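Structure at a glance
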Amino acid sequence: SFGNDVSFENCRNPSIVTYLYALSFEMSLGGSKHRIRSVFEKALGDDRFHRSVLLWRLYVGFETGGARGDASAAKRVLFRAVHACPWSKKLWVEGLAELESVLTAKEMGDLHEVMRDKELNLRTDIYEILLRDDGIGFDAV
């Protein structure tokens, strides 16, 4: 058990496995958002794990998850994640897919442009983007 704080003080040099265990433990107990975010932030604050695609993917997934999801927090985490790991196409694609309903057309377009700049190519239908910009969904077409 990690007690009432998530400080890892008794662990001199926690490994990524330690952080993943702590996250799993907190989530399985239905821990508070604050405690779970604290573990993510502690892990990602460690220079060894700041560029961990796995941790960032889990964090974005946590923030978008179900009834407890927080769209603005998820956006912030995604933007931090792609800044820390710009090479990870999986991180970009999953993040965009999970946040598609809350990102504006401009934000989505900006992220696609940054992906192109990073030479991470996506197959996308230009008409889908144009229709989204006009506020018309495919159901209306």
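Note: the structure precedes this text.
Since the model is a prediction, treat every value here as computed from it, not as a measurement. All chains use their own residue numbering, which begins from 1 and follows the written sequence. With the structure being a predicted model, the display of local features is reserved for residues of pLDDT at least 70 and the display and counting of side-chain atom pairs for 80 or more, all residues being used for whole-chain, interface and lining totals. With hydrogens and water stripped out, all remaining heavy atoms of the structure feed into the side-chain values.

1. A word on the nonpolar core
Core analysis: the largest hydrophobic core is formed by 31 residues, its most contacted members being Trp-56 and Tyr-59. Working definition: helices are DSSP H or I runs of at least four residues, strands are E runs of at least two. Numbering for both runs from the N terminus. Mapped onto this core, the elements with two or more residues apiece are α1 (16-28), α2 (33-45), α3 (53-64), α4 (71-84), α5 (89-99) and α6 (105-117). Leave out the neighbours within four places in its chain, and Trp-56 touches Leu-44, His-50, Val-77, Arg-80, Ala-81, Ala-84, Cys-85 and Leu-91. Take the buried residues of types Ala, Val, Leu, Ile, Met, Phe, Trp, Tyr and Cys, join any two whose side-chain atoms come within 4.5 Å, and each joined set is a nonpolar core. Each residue gets one of three labels from its accessible area relative to the maximum for its type: buried under 20%, exposed over 50%, partly exposed in between, using a 1.4 Å probe on protein chains only. The contact definition used throughout considers only heavy atoms, calling two residues in contact when any of these lie within 4.5 Å.

2. Points about the packing of α1 against α3
Fitting a line to C-alpha atoms yields each axis, with helices limited to the stretch in contact; the angle taken between N-to-C directions then spans 0 to 180 degrees. One can describe the packing of α1 onto α3 by two numbers: an axis separation of 12 Å at closest approach and a directional angle of 15°. In terms of axis orientation, α1 runs roughly parallel to α3. Relative to α3, α1 is oriented so that their crossing is left-handed. The residues of α3 that touch α1, namely those facing Ile-16, Leu-20, Leu-23 and Met-27, are Leu-54, Leu-55, Leu-58 and Phe-62. Residue polarity is assigned by list, with Asp, Glu, Lys and Arg as charged and Ala, Val, Leu, Ile, Met, Phe, Trp, Tyr, Cys and Pro as nonpolar; anything else, Gly included, falls into the polar class. Of the residues assigned to the contact of α1 with α3, the class counts are 8 nonpolar, no polar and no charged. The labels follow the angle: roughly parallel below 35 degrees, roughly antiparallel above 145, roughly perpendicular from 65 to 115, and oblique for the rest. Rotating anticlockwise by less than a right angle from the far helix to the near helix defines a left-handed crossing, while the corresponding clockwise rotation defines a right-handed one.

3. Remarks on α2
Count 3.6 residues to each turn of an α-helix, and residues three or four apart come out pointing the same way. Here the expected span of a helix is defined as 1.5 Å times the quantity of residues minus one. The terminal C-alpha atoms of α2, which comprises 13 residues, lie 18 Å apart, in line with the 18 Å expected from a rise of 1.5 Å per residue. Those residues of α2 not exposed but buried are Arg-35, Ile-36, Val-39, Phe-40, Ala-43 and Leu-44. Buried residues of α2, viewed axially, fall in a sector of 165°; they line one side. Seen from the buried face of α2, the exposed residues on the opposite side, beyond 90 degrees, are His-34 and Gly-45. Contacts made by the buried residues of α2 are with α1 and α3. Note: the arc covers the axis-to-C-beta directions of the helix.

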